[in-house]
Amino acid sequence: AADAAKTEASLAKNLDTVLTLYQNQIKRGVEVVRDYADTGVLAARHEALNQVWTNLVHNALQEMGEQGRLALSVRSVEGAIEVAVSDSGGGIPAESVSRIFEPFYTTKDAGEGTGLGLSICKDIVEGHGGRIEVESSPEGTSFRVTLPTSGGEP
């Protein structure tokens with residue numbers, strides 16, 4: 001299953017599709033800033049990657065309490081496409097940042113999250129030969145996903 005069929009699709013377009021799922025929450029007071037320097041077309045298992053984008057957007061909106069700025073960017077970097085999802089929430093405590101990709105680790109209140117979202121995201125991204133990184137400060141949090149355009153295969 002690791003090598004399920006890959007299809008060509010645009011990451012920017014997929015991000016926009018994910019945003020439509022959250023339209024109602026976004027309407028209430030979240031400013032969405034899109035910075036698509038590239039359409040991010042690559043061959044990948046996009047159903048899996050869409051789980052990553054959904055998770056990151058969902059977390060960002062939750063983090064901001066439906067008020068703030070959600071920034072999405074797609075750009076081409078050497079041999080890869082970089083997608084960033086950033087929020088203007090209060091940030092992740094420093095002691096949690098190093099652990100947020102661990103299975104079952106959650107900074108959410110009991111009953112709010114399973115703590116599996118980000119560890120699954122990490123598995124999916126690494127399964128594509130990519131990497132996911134986080135930067136967080138009291139001004140907000142930014143998740144950066146870098147995916148090789150070659151798909152890690154000849």
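Refer to the structure presented above.
What counts and what doesn't
- Residues numbered from 1 in each chain as written.
- Predicted model: local features only at pLDDT ≥ 70, side-chain atom pairs only at ≥ 80, totals over all residues.
- Heavy atoms only, no water.
- Helix = DSSP H or I, 4+ residues; strand = E, 2+ residues; numbered from the N terminus.
- Contact = heavy atoms within 4.5 Å.
- Expected span 1.5 Å × (residues − 1).
- Buried < 20%, exposed > 50% of the residue type's maximum accessible area, 1.4 Å probe, protein only.
- Arc of directions from axis to C-beta.
- Polar contact = N/O pair within 3.5 Å; in protein donor to acceptor, adjacent residues only side chain to side chain.
- Pairing = 2+ DSSP bridges.
- Axes fitted to C-alpha atoms, helices over the stretch in contact; angles between N-to-C directions.

**Describing the side chain of S73**
- As for its position among the elements, S73 is in strand β4 (residues 68-77).
- Discounting chain neighbours no more than four positions away, the residues touching S73 are D35, Y36, E82, V83 and A84.

**Description of helix α3 (residues 46-64)**
- Over its 19 residues, α3 extends 27 Å from the first C-alpha to the last, a length consistent with the 27 Å expected when each residue adds 1.5 Å.
- Where α3 terminates, the next one or two residues include G65, which has phi positive at roughly 60°.

**Describing helix α1 (residues 11-21)**
- Along α1, the positions that sit buried rather than exposed are L11, A12, N14, L15, V18 and L19. For α1, the angular spread of buried residues about the axis comes to 160°, placing them on one side.
- Two or three places before A12, at the opening of α1, S10 has a side-chain oxygen 3.3 Å from that residue's backbone nitrogen.

**Some thoughts on the sheet that holds strand β7 (residues 140-148)**
- On the basis of which strands lie adjacent, the open sheet formed by 5 strands has the order β2-β4-β5-β7-β6 and mixed pairing. Two strands lie at the open edges of the sheet, namely β2 (30-36) and β6 (131-137), each paired on one side alone. Across the sheet, the mean angle from the axis of one strand to that of its neighbour is 10°, orientation sign disregarded.
- The pairing of strand β5 (residues 80-87) with β7 spans 8 bridges and is classified as antiparallel. Bridge assignment links A80 to a residue of β7, and that residue is P148.
- Its contacts with the sheet put α1 on β2, β4, β5 and β7, and the angle it makes with β2 is roughly 170°.

**Notes on the environment of E133**
- For E133, the position within the fold is in strand β6.
- E133 gets classed as partly exposed once you look at its relative accessible area, which sits at 29%.
- Filtering out sequence-adjacent residues up to four positions away, E133 remains in contact with S142, F143, R144 and T146.

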